[in-house]
Amino acid sequence: MQPEVGDRIPVPAAEWSPAPMDGRDRRHAIPWEWWDALVIYVLWLVVAGAGATIVGSTFSDPLSSESTAVGVLVAVVMLTAVTVSWVRFRGLQAKVPDAVRRAFGVKQPTLRDVALGIGYGLAGFVVVQLGLGIALTTLIDALGRDAPVVQEGVQEAAQAGGVTSLLVGLGVVLLGPLGEELLYRGVLFQALNKHLPAWPAIGLSGLAFGVTHVEGFVIALTFPLGMVLAWVMRRHGTLVVPIVAHVVFNLIGFLLIRSGAAGVG
């Protein structure tokens, strides 16, 4: 069965299987552009900033571990909510009612995709967090400088125990990867891949993912991680694989922080 067409944007029918992801075949398959990711990010900064102000005002110490944990949770929930709302809005503009589903890729996920995500997450942590992280730390030591403590407030909240650690874990391990993958791979990478060859699109989306983590040491790690996750989505055609990989990556880091390991961001 051929896809139905509305406003020149193919709408997959129930029995139609879309082609594997590449920039050419996906040119009109999603109703947003790369700049939509920038709009989403700016809107999220505004909403998350307002949320942080409200959260901080409810605690006697706005810099406490408890305030940080709630703030992290609110921020990642807002990221997902803003991304989904904007994608739905752009879909309605283009008369594409399943726009949110399209952000999750070109094929229905399977249990094999979940297993692949676990494998990629484990491999990514070994290569990026341990391999590259140790190499950067060694270089910093060789230059006679102290390795930075990254995301210190989040690490302290994760180590606090009880409900505080649970909230940080929920935000960092589960909800954070969902929101970030929707924005950087589901929206940004797919939009870039409409107009650019695979590797430039992978590189630019990875760079955006890295730069928005702000801290220099974290950028150096998240830039290549973002490229890997974009490549994984293009390779397998579903956002489920990078989401699971991201969850596994963050879960290992969170568990290491809880165990007292230093320098895990």
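Residues numbered from 1 in each chain as written. Predicted model: local features only at pLDDT ≥ 70, side-chain atom pairs only at ≥ 80, totals over all residues. Heavy atoms only, no water.

## What about the overall build of the protein?
1) Next: For the protein, the count of helices and strands is nine helices and two strands.
2) Next: Along the protein, from the amino end to the carboxyl end, the secondary structure elements read β-β-α-α-α-α-α-α-α-α-α.
3) Next: Burial status across the protein gives 45% buried among its 265 residues.
4) Next: A separation of at least 24 residues holds for 75% of the contacts in the protein among residues at least 6 apart in sequence. (Helix = DSSP H or I, 4+ residues; strand = E, 2+ residues; numbered from the N terminus. Buried < 20%, exposed > 50% of the residue type's maximum accessible area, 1.4 Å probe, protein only. Contact = heavy atoms within 4.5 Å.)

## A few points about the packing of helix H4 (residues 111-142) against helix H9 (residues 240-258)
1) Next: Between H4 and H9, whose axes approach to 7 Å, the crossing angle comes to 45 degrees. Put simply, H4 runs oblique to H9. Here H4 and H9 pass one another in a crossing that is right-handed. Between H4 and H9, the residues in contact are Asp 113, Val 114, Leu 116, Gly 117, Ile 118, Tyr 120, Gly 121, Leu 122, Gly 124, Phe 125, Val 128 and Gln 129 and Val 240, Val 241, Val 244, Ala 245, Val 248, Phe 249, Ile 252, Gly 253 and Leu 256, respectively.
2) Next: Taken together, the residues of the contact of H4 with H9 sort by class into 15 nonpolar, five polar and one charged. (Axes fitted to C-alpha atoms, helices over the stretch in contact; angles between N-to-C directions. Parallel < 35°, antiparallel > 145°, perpendicular 65-115°, else oblique. Left-handed = near helix turned anticlockwise from the far one by under 90°. Nonpolar A, V, L, I, M, F, W, Y, C, P; charged D, E, K, R; others polar.)

## Focus: the packing of aromatic side chains
1) Next: If you walk through the whole model with that rule in mind, you get five aromatic pairs.
2) Next: Look at Trp 86 and Phe 89: their rings are 5.1 Å apart centre to centre, the planes differ by 50 degrees, and that puts the pair in the tilted class. Placement of the pair is Trp 86 and Phe 89 together in helix H2 (residues 65-93), with a separation of three residues, close to one helical turn.
3) Next: Aromatic side chains Tyr 120 and Trp 231 sit 6.1 Å apart centroid to centroid with 85 degrees between the ring planes, which places their arrangement in the edge-to-face category. With Tyr 120 in helix H4 and Trp 231 in helix H8 (residues 216-236), this residue pair connects regions lying 111 residues apart in the sequence.
4) Next: The partly exposed category is assigned to Tyr 120, whose relative accessible area is 23%.
5) Next: A cation over a ring is seen here: Arg 185 above Phe 209, with NZ or CZ 4.4 Å from the ring centre. (Phe/Tyr/Trp six-rings, centres within 6.5 Å; stacked < 30°, edge-to-face > 60°. Lys NZ or Arg CZ within 6 Å of the ring centre and 35° of its normal.)

## Re the side chain of His 246
1) Next: For His 246, the location among the structural elements is in helix H9.
2) Next: Look at His 246 and you get buried, because its relative accessible area is 3%.
3) Next: Looking at His 246, its side chain comes within polar contact range of the side chain of Glu 181, at 2.6 Å.
4) Next: Setting aside chain neighbours within four positions, we find His 246 in contact with Pro 177, Glu 180, Glu 181, Arg 185, Phe 209 and Leu 229. (Polar contact = N/O pair within 3.5 Å; in protein donor to acceptor, adjacent residues only side chain to side chain.)

## Looking at helix H7 (residues 198-211)
1) Next: Counted at 1.5 Å a residue, the expected span for H7 with its 14 residues is 20 Å, and the 20 Å between its end C-alpha atoms agrees.
2) Next: What H7 keeps buried is the set Ala 198, Ala 201, Ile 202, Gly 203, Ser 205, Gly 206, Phe 209 and Gly 210.
3) Next: Packed against the buried residues of H7 are helix H6 (162-195), H8 and H9. (Expected span 1.5 Å × (residues − 1).)

## Things to note about H2
Note: α-helices contain 3.6 residues per turn, so residues at a spacing of three or four share the same orientation.
1) Next: Relative to the 42 Å expected for 29 residues at 1.5 Å per residue, H2 spans 42 Å between its end C-alpha atoms, a close match to the ideal helical length.
2) Next: In the segment just after H2, Lys 95 is the residue with positive phi, at about 60 degrees.

## Observations concerning unusual backbone geometry
1) Next: Of note in the backbone geometry, Lys 95 takes a positive phi value of approximately 60 degrees without being a glycine.
2) Next: By the secondary structure assignment, Lys 95 is in the loop between H2 and helix H3 (99-103).
3) Next: Of note in this structure, Val 214 is not a glycine but carries a positive phi near 70 degrees.
4) Next: Mapped onto the elements of the fold, Val 214 is located in the loop between H7 and H8.
5) Next: Among the residues examined, Val 214 registers a relative accessible area of 63% and is labelled exposed.

## A closer look at the confidence of the model for the protein
1) Next: A residue-level look at the protein finds 85% of positions with pLDDT of 70 or above and a mean pLDDT of 85.
2) Next: The least confident element of the protein is strand E1 (residues 4-6), whose mean pLDDT is 38; the most confident is H7, at 96.
3) Next: Every residue in residues 1-28 is under pLDDT 50, and counting partners more than four places away or in other chains gives 51 contacts. (pLDDT = per-residue confidence, 0-100.)

## Comments concerning the pattern of salt bridges
1) Next: Enumeration according to the criterion identifies six salt bridges in this entry.
2) Next: One salt bridge in this structure joins Asp 36 and Arg 90, with 2.8 Å as the shortest N-O distance. Here Asp 36 is found in helix H1 (residues 34-57), whereas its partner Arg 90 is found in helix H2, with 54 residues between them in sequence. For the pair Asp 36 and Arg 90, a shared accessibility class is recorded, and that class is buried.
3) Next: Ionic contacts of the salt-bridge type, sharing partners, join the residues Asp 98, Arg 101 and Arg 102 into one network. (Salt bridge = Lys/Arg side-chain N within 4 Å of Asp/Glu carboxyl O.)

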